[in-house]
Amino acid sequence: MNIAANNGVWSGSWVAERLGVELVGDDGLTALLGLALRRNPRRAHLLVSNVLGKHVPQSPAVVYGHGFALGRRVRDLLGEEEAGRAVVLGYAETATGLGHSVADGVGLAPYLHSTRRPVPGVTPAGGFEESHSHATSHLLLPEDPALLAGDGPLVLVDDEFSTGNTVLNTIRDLHARYPRQRYVVVALVDMRSPQDAGRLVDFAGEIGARVDLVAAASGTVKLPEGVLEKGQELVARYEESAARGERAGAAPSGLSAQFPAPLEGVALTHLGARGCVESAATAARARQAPTGPHPGDNRTTPHRSHLTRIDLHWPPGLPDGGRHGFTPAHRIRLETALPLIAARVAEALPADARRVLTLGFEELMYAPLRVARELEALVTAEVRYSTTTRSPVLAVDDPGYAIRSRLVFPAHDNPADGPGERYAYNVAGAGFDAVVLFVDSAGDTPELHAPDGLLDRLGAHAPHVLLAVVPSYVPPLPEVSPAMLPEPLRGPAFSSYPAEDVGWLLQDLSDVTLEAPTEEREEAIQSGGAHYAESLPVEYQPSERYQALFHTALEASATRLAQAVGVVTETVLAERSPRPVLVSLARAGTPVGVLMRRWAQFRYGLDLPHYAVSIVRGRGIDANALRWLAAHHDPRDVVFVDGWTGKGAITRELADAVEEFEERAGVSGFDPEIAVLADPGSCVRTYGTREDFLIPSACLNSTVSGLISRTVLRADLVGPDDFHGAKFYRELAGADVSVAFLDAVAARFTEVVDPVDAAVKELAVADRTPTWEGWAAVERISEEYGIHDVNLVKPGVGETTRVLLRRVPWKILARAGAGPDLDHVRLLAEQRGVPVEEVGELPYTCVGLIHPKYTRGATGADGRAVNV
């Protein structure tokens, strides 16, 4: 197979013929777009751009030229004066390079793109979810908080405008924070349906602003009835075909099976032993070839390529892209440096290279694109450009299909959403003599260089692989003196806990209305209105039956809880610090931190300091809280405390956030490993037990956590010099059992001393290395149940309870034979009409699945639900 060209065949014909999908529109539409299939519960087909430089290697001059031309059209539309006041915003990951190219065409506009990489210390200026995407949670992290605060036009750039949901939700969110009079939406293709097209006009009237649209081409996708089901069946048949090939022993040689009848004869791709999807036809040629590579097909003979590292001499302090903003001054510095950078790449290329790929890395699209464009003018070789991606797409070795091959490799940048597969498309089989891989320094990790990493994958398909590392730009932390930060909040003014039990490194937002109904919050979280930390769920008010169940559970589990508290505290005192500073992750960790403090006092007379801090999935730990702790205590004594582990997302979040904070703040000594009461996910080394059992504090919300809400992080409420926020629900004092819960567990301390000592001795010599089996189980469940989003799978009794109390649950998976630990789960499920499905082999007692349905609504910064 040679995928360098499709020989005049439209790269959407394969899908169109089998699913009846039809592109209708401008004459040049099929030149811009091909079609592929993907496993997605909402949309089976994927529009694949031929000029974006993401999935299809393309001339860098063509890729840059399309974006720049769109920018020129925007400048003509706005006029010179308005264009000079504009800000351009691109969407991660696909449109980061396109948006930057548009900004170049506009001229003097600064550029910012959304990101899925949280950066501790950089306060988000907004955020949104992308409902149709495989990976959501976009953040806006400008270094200059005023970047989005001006009143000039905001230009939003995406690769395609399909329904308009993502763009409209972004405008709605930002308009509530930074209102302006004009927006311009830019896309390579406008593929809205007629009903979606009318929404843009209605939306502009709703917000009282002008909204224009600029696109290189327009049209619609005609979908026959039942196309989603038919597409899913097609994908399923492919996967089963590939699986049969593996069972038959095809995997070691990279062979694939073909579709079963009635689609016989269609060569389908298959994940081979080296992580590359290869076609049956290609594999057959490989078996017939005597020695050496098949002409024009570097996939047929596995080999180790020569790896060369290129020192780009990247200008110090120049941002690698628009993650934190890219100004006209930055653009001038880059333009000046580009010729020399490209010359260094050209010098490193083999002299006989005839076909060269410059491969970018996820959000790092613009810098390698610009270098590739300069390189194209310097060398005689044919230069192509594309990037790696998070997006999983089927590959089919057919000239009428847009994704002819794929390389699969593990993520190598420690992403906030945990490990997972990443992809490079149309690289294998394209006949490249050399691949120049661009990554930022955050992605230059051991995983990149591992035997199954991206470099290894590329090395099987090109004789020469060159690695160019661009320094990851991270804005300097603001100079905030610890003296400027307030002292911790304490009860009874803030929380129902006694003042000595815990100091809250939070700001009091009790007077702010933050609550939204559960269904509206779910729509916001999944559809683009807000991050989950920007609003609060309405506090669940337990019925008398549920309260009775809580007290019964507490009575039954108090001894087991007391033993787990003793074990984890003794382990901390023996292995971490003789006088630890307990820092609980609010709010689930706070009751555990108080109990650990009480154990140390009971057993040794120690009066340990204890604080509660905020950590937010996808946005990191409160950097100002860490700064306050470093100023008042030795970081080496700090022990982070949480209630339990689920799949380990917060464990990873904390490790990454602490590492980055220390690098930027010049502080060292914090140990990011969490001490937990229960570690059913096998994510940490310091725990009281690894059993997944009922911790009664998980049954309730604020009424068992000192009457404190979960924490809040919203740009209009939390500034760069503020702690994250929370509310004190004084009005719920009549239902408060926070202190009663602590007293009930502490009362059992005396009877568990001997079992605690025995358990601690066993743990001291045990292998406690985290296995992360919980994360693996969640990934498996996500795929088996067709969810395809690990964030919607919540494992363990505690997380399942949270799903039932705070989110919109879909179903509960319960381990067969689970006993009283699930009584409260069954009751909540009954009250909310949620089915409980017993599962034979489940590593947790139960797993909660969040409903994937709520994708239409949005909740803005004012906490109100709105309809698109």
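Residues numbered from 1 in each chain as written. Predicted model: local features only at pLDDT ≥ 70, side-chain atom pairs only at ≥ 80, totals over all residues. Heavy atoms only, no water.

Further remarks concern the overall build of the chain. The helix and strand tally for the chain stands at 23 helices and 37 strands. Within the chain, buried positions represent 63% of all 868 residues. Counted over contacts in the chain with a minimum sequence separation of 6, partners at least 24 positions apart contribute 77%. With an accessible surface of roughly 30700 Å², the chain has 51% of that area assigned to carbon and sulfur atoms. (Helix = DSSP H or I, 4+ residues; strand = E, 2+ residues; numbered from the N terminus. Buried < 20%, exposed > 50% of the residue type's maximum accessible area, 1.4 Å probe, protein only. Contact = heavy atoms within 4.5 Å. Areas by Shrake-Rupley, 256 points an atom, 1.4 Å probe, with all protein chains shown as cover.)

Let's shift gears to the packing of helix α3 (residues 60–78) against helix α11 (residues 366–378). At a closest axis distance of 8 Å, the pairing of α3 and α11 adopts a crossing angle of 125 degrees. Here α3 is positioned oblique relative to α11, judged by the angle of their axes. For the element pair α3 and α11, the recorded crossing hand is left-handed. Facing Pro-60, Ala-61, Val-63 and Tyr-64 of α3, the residues of α11 in contact are Tyr-366, Leu-369, Arg-370, Ala-372, Arg-373 and Glu-376. Residues that form the contact of α3 with α11 fall into these classes: seven nonpolar, no polar and three charged. (Axes fitted to C-alpha atoms, helices over the stretch in contact; angles between N-to-C directions. Parallel < 35°, antiparallel > 145°, perpendicular 65-115°, else oblique. Left-handed = near helix turned anticlockwise from the far one by under 90°. Nonpolar A, V, L, I, M, F, W, Y, C, P; charged D, E, K, R; others polar.)

In this model, helix α20 (residues 753–765) (13 residues) spans 19 Å end to end at C-alpha, consistent with the 18 Å of a helix rising 1.5 Å per residue. Every buried residue belonging to α20 is among Val-753, Val-756, Ala-759, Val-760 and Leu-763, and all of these are buried. Looking down the long axis of α20, one finds its buried residues gathered within 125 degrees of arc, a one-sided arrangement. Opposite the packed face of α20, turned more than 90 degrees from it, sit the exposed residues Asp-754, Lys-761, Glu-762 and Val-765. (Expected span 1.5 Å × (residues − 1). Arc of directions from axis to C-beta.)

Here we take up the sheet that holds strand β34 (residues 836–839). Strand order in the open sheet made by the four strands is β32-β35-β33-β34, with mixed pairing throughout. Among the strands making up the open sheet, the edge pair consists of β32 (793–795) and β34. The mean inter-strand angle of the sheet, taken between neighbouring strand axes irrespective of direction, is 20 degrees. The pairing of strand β33 (residues 809–815) with strand β35 (residues 846–850) spans five bridges and is antiparallel. The residue of β35 that forms the bridge with Leu-813 is Val-847. Across the sheet, helix α21 (residues 773–784) is in contact with β32, β33 and β35; its angle to β32 comes to roughly 140 degrees. (Pairing = 2+ DSSP bridges.)

Here we come to the confidence of the model for the chain. Residues with a pLDDT of 70 or more make up 84% of the chain, whose mean pLDDT is 82. Per-residue pLDDT stays below 50 along residues 1–5; that stretch engages in 24 contacts with residues further than four places along the chain or on separate chains. Confidence drops under a pLDDT of 50 for residues 524–530, and excluding neighbours within four residues, the segment shows 40 contacts in the predicted structure. (pLDDT = per-residue confidence, 0-100.)

This part covers the packing of aromatic side chains. Counted by the stated rule, this structure contains 13 aromatic pairs. Geometrically, the ring pair formed by Trp-14 and Tyr-401 is edge-to-face, given 5.3 Å between the ring centres and 85 degrees between the ring planes. Taken together, the positions of Trp-14 in helix α1 (residues 13–19) and Tyr-401 in the loop between β15 (382–387) and β16 (406–410) put the pair 387 residues apart, joining distant regions of the chain. The residues Trp-14 and Tyr-401 share a single accessibility class, namely buried. Measuring from ring centre to ring centre gives 5.8 Å for Tyr-64 and Phe-68, while their planes differ by 35 degrees; the resulting arrangement is tilted. Here Tyr-64 and its partner Phe-68 are both found in helix α3, four residues apart, which amounts to about one turn of the helix. Classification of Tyr-64 as buried rests on a relative accessible area of 5%. In this structure an aromatic cluster arises from ring pairing among Phe-494, Tyr-497, Trp-504 and Phe-728. Seen from the ring of Tyr-64, Arg-370 lies directly overhead, with NZ or CZ sitting 4.6 Å from the centre. The aromatic ring of Trp-772 is capped on one face by Arg-652, whose charged end is 3.9 Å from the ring centroid. (Phe/Tyr/Trp six-rings, centres within 6.5 Å; stacked < 30°, edge-to-face > 60°. Lys NZ or Arg CZ within 6 Å of the ring centre and 35° of its normal.)

For Gly-79, the position within the fold is in the loop between α3 and α4 (80–83). For Gly-79, a relative accessible area of 24% gives the class partly exposed. A C-alpha to C-alpha distance of 9.9 Å links Gly-79 and Val-106, two positions 27 residues apart in sequence.

Once that is clear, we can look at the sheet that holds strand β13 (residues 306–310). The strand order across the open sheet formed by five strands is β13-β19-β18-β14-β15, and the pairing between neighbours is parallel. Strand pairing shows two members of the sheet lacking a second neighbour, β13 and β15, which therefore form its edges. Across this sheet, the average inter-strand angle for adjacent strands is 20 degrees, counted without regard to direction. Both β13 and strand β19 (residues 464–470) contribute to a ladder of five bridges, which runs parallel. Its bridge partner being in β19, Ile-310 is matched across the sheet by Ala-468. With respect to the sheet, helix α10 (residues 328–348) is in contact with β13, β18 (434–440) and β19, its orientation differing from that of β13 by roughly 160 degrees.

What follows deals with the pairing of strand β10 (residues 210–222). In terms of strand pairing, strand β1 (residues 22–25) meets β10 through four bridges, oriented antiparallel. Of the residues in β10, the one forming a bridge with Gly-25 is Gly-219. Bridging between strand β9 (residues 182–190) and β10 involves eight bridges; their strand directions are parallel. Bridge pairing links Val-186 to Val-214 in β10. In terms of handedness, the path from β9 via helix α7 (residues 194–207) over to β10 forms a crossover that is right-handed. (Right-handed = clockwise from strand over helix to strand, strands pointing away.)

Tracing the backbone shows Ala-630 in helix α17 (residues 623–632). Exposure remark for Ala-630: the relative accessible area of 24% places this residue in the partly exposed category. Distance in space between the C-alpha atoms of Ala-630 and Gly-669 is 9.1 Å, their sequence separation being 39 residues. In this structure, Ala-630 is in contact with Pro-635, Val-667 and Phe-670, ignoring residues within four places of it in sequence.

This next bit is on the packing of helix α15 (residues 544–575) against helix α16 (residues 589–604). Contact pair α15 / α16: the axes reach a minimum separation of 9 Å and the direction vectors enclose 75 degrees. By the angle class used here, α15 and α16 are roughly perpendicular. Along the contact surface, α15 presents Ala-562, Val-565, Gly-566, Val-568, Thr-569, Glu-570, Val-572 and Leu-573, while α16 presents Leu-595, Met-596, Trp-599, Ala-600, Arg-603 and Tyr-604.

It is worth spelling out α21 at this point. For the α-helix, the turn length of 3.6 residues means that residues three or four positions removed from each other point alike. For α21, built from twelve residues, the straight-helix expectation of 16 Å at 1.5 Å per residue is met to within 8% by its first-to-last C-alpha distance of 16 Å. Where α21 is buried, its residues touch α18 (649–665), β32, β33 and β35. Once α21 finishes, Gly-786 follows within two positions and takes phi at roughly 70 degrees, a positive value.

With that out of the way, let us pick up the pattern of salt bridges. Counted according to the given criterion, the structure contains 39 salt bridges. When the shortest N-O distance is used, the salt bridge between Arg-331 and Asp-104 registers 2.6 Å. With Arg-331 in helix α10 and Asp-104 in helix α5 (residues 96–106), the pair connects residues that are 227 residues apart, well separated along the chain. Each member of the pair Arg-331 and Asp-104 is classed as buried. With a closest N to O distance of 2.6 Å, Arg-768 and Glu-575 form a salt bridge. (Salt bridge = Lys/Arg side-chain N within 4 Å of Asp/Glu carboxyl O.)

Cis geometry is adopted by the peptide bond preceding Glu-93, which originates at Ala-92 and carries an omega value of -5 degrees. Relative to the assigned elements, Glu-93 resides in the loop between β4 (87–90) and α5. Arg-587 follows Ala-586 through a cis peptide bond whose omega is 0 degrees. Here Arg-587 is to be found in the loop between β24 (581–585) and α16. Residue Asn-426 is not a glycine yet carries a positive backbone phi of 60 degrees. Tracing the backbone through its elements, the reader meets Asn-426 in the loop between β17 (421–425) and β18. Positioned with a positive phi, Ser-682 is a non-glycine residue whose angle comes to about 55 degrees.

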